[in-house]
Amino acid sequence: MKIMLLTHSFSPEISPPQRRWSVIADELTKLGHEFTVVAPQPRGITAQTSQSLHDNERIHIKRYRSLHKSKSMVGKVLKHGADAVLSVPAALKESRPDVVVATVPALPTLIVGYVVSKIRGVPFVVDLRDAWPDLLRESQVLKWRWLEPVVSHALSYLVKRSDLLVTVTRGLAVKMRLNGVRNVATISNGVEVERPEVVISNEPRTEVLRVLYLGNIGRSQGLDTLIHAAKILDNKISLRIVGNGTEKRRLIELAAELDADVDFRESVYGDLVLENYAWADTCVVSLRPDWPSFDHTVPSKLYELLYLDRHITGLVRGEAAGIITAANSGHVVGQSLDELTQYLKHLAENPDMLKTHNHGSLWVRKNASLRDAAKVYAKLLSETVTRFGKN
């Protein structure tokens, strides 16, 4: 098959869709398929350089110029709209694919995928990584009240007209079927388990429990409770928060107001991530408790932590909590301050609870290989193309 992927981020950028699709695309080409990626050009990297940085020459990357990022809502709306307009000719200049895949949450990507599939007369596949449109309503990320129902309706309209919808969790698949989507499949996130083994030299244990949160610092994570717990357990835990996001400044101010000793650090990549994991006794995965969509949301970094056999403190519920329990690589904690405080205190006093016995990596190898996922994807895409041709 000739497969076209529309995405707002691809290698050499570092992002959840990039991590998922770089491996899947690589495996699909090894299975004999042709793969074209249409994505915005990253700042500081030319389209030619972007292509040369990718180690698989069979993946063709088509870049288009994108507006610079904006912090204002109006600026973001304008940027996404402009990106949608610019990506259409970029996609149409390529040879006709057999199938178009649009990876969401970026709404413009979804719109362009639908338009290109209709113009080319090929099936339209949606790769839905988040619980949209419900999450859009719960997060209230769109400040204009009239805009949210408009966007949610557009999302629902386009998803229902896809020839195949792929979700990353089973719960989301069930919900989308109940919402009237016809052809739905689940291919979870995961990691590339076939890559060279990563060895982390853990720093020697101390009497103080070292707690790490590393990742996006936004409204979705709900890290306030963790900072309050750090204040209460001042002499028992050392809390480090690594990353950036819309909530970071507010959390720094909260820690200062409480006089909580929290070590805030900038985002890190590559070996610096491993250094932070080596420092930590337990790694926190957190999703705020008051958004129902998080019952069927699994943070992609959870699979990475499991694969690296990190002990996980899960401030999550639903499918994410089920994975931590099934992998036997940490503990799921109630998301109240009292429950979290008591748990961290108990963990600090009982370091044997931190041992994972390689259960996480074994679980990931069996259940969350991205290359295995690519083989399933290839089968689903082939069936979708065949079904589309018959119609």
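All values derive from a computational prediction rather than experimental measurement.

1. Some details on the sheet that holds strand β9 (residues 237–242)
Here is step 1: With respect to topology, six strands assemble into an open sheet ordered β10-β9-β8-β11-β12-β13, the strand pairing being parallel. Strand pairing shows two members of the sheet lacking a second neighbour, β10 (262–265) and β13 (330–332), which therefore form its edges. Pairwise comparison of adjacent strand axes, ignoring direction, gives a mean angle of 20 degrees for this sheet.
Here is step 2: Alignment of β9 against β10, held across four bridges, turns out to be parallel. Across the sheet, Val-242 pairs through a bridge with Arg-265, a residue of β10.
Here is step 3: Set on the sheet, helix α10 (residues 271–279) makes contact with β8 (209–214), β9 and β11 (282–286); between it and β8 the angle comes to about 150 degrees.

2. Thoughts on helix α4 (residues 107–120)
Given 3.6 residues to a turn, an α-helix orients residues that are three or four positions apart in the same direction.
Here is step 1: The terminal C-alpha atoms of α4 lie 20 Å apart, and with 14 residues this matches the ideal 20 Å at 1.5 Å per residue to within 8%.
Here is step 2: Counting buried positions over the 14 residues of α4 gives ten, a clear majority of the element.
Here is step 3: Three or more residues of α4 are buried, namely Leu-107, Pro-108, Thr-109, Leu-110, Val-112, Gly-113, Tyr-114, Val-116, Ser-117 and Arg-120.
Here is step 4: Phi turns positive, to about 70 degrees, at Gly-121, one or two residues after α4.

3. Description of helix α13 (residues 337–349)
Here is step 1: In this model α13 runs 18 Å from its N-terminal to its C-terminal C-alpha over 13 residues, within 8% of the 18 Å that 1.5 Å per residue would give.
Here is step 2: Taken as a whole, α13 has its buried residues at Leu-340, Thr-341, Tyr-343, Leu-344, Leu-347 and Ala-348. Here the buried residues of α13 occupy an arc of 165 degrees about the axis, which is enough to place them on one side.
Here is step 3: Its buried side turned inward, α13 meets β8, α8 (224–232), β9, β11, β12 (312–315) and β13.

4. Some remarks on the environment of Arg-310
Here is step 1: Note on placement: Arg-310 falls in the loop between α11 (301–307) and β12.
Here is step 2: For Arg-310, a relative accessible area of 8% translates into the label buried.
Here is step 3: Counting along the chain gives 26 residues from Arg-310 to Val-284, while the straight-line C-alpha distance between them is 10.0 Å.
Here is step 4: When residues no more than four places from it in sequence are discounted, the contact partners of Arg-310 are Ile-200, Asn-202, Tyr-277, Ala-280, Cys-283, Leu-305, Ser-329 and Thr-356.
Here is step 5: Within the structure, the side chain of Arg-310 is placed 2.8 Å from the side chain of Asn-202, a separation counted as a polar contact.

Criteria and thresholds
Residues numbered from 1 in each chain as written. Predicted model: local features only at pLDDT ≥ 70, side-chain atom pairs only at ≥ 80, totals over all residues. Heavy atoms only, no water. Pairing = 2+ DSSP bridges. Helix = DSSP H or I, 4+ residues; strand = E, 2+ residues; numbered from the N terminus. Axes fitted to C-alpha atoms, helices over the stretch in contact; angles between N-to-C directions. Contact = heavy atoms within 4.5 Å. Expected span 1.5 Å × (residues − 1). Buried < 20%, exposed > 50% of the residue type's maximum accessible area, 1.4 Å probe, protein only. Arc of directions from axis to C-beta. Polar contact = N/O pair within 3.5 Å; in protein donor to acceptor, adjacent residues only side chain to side chain.

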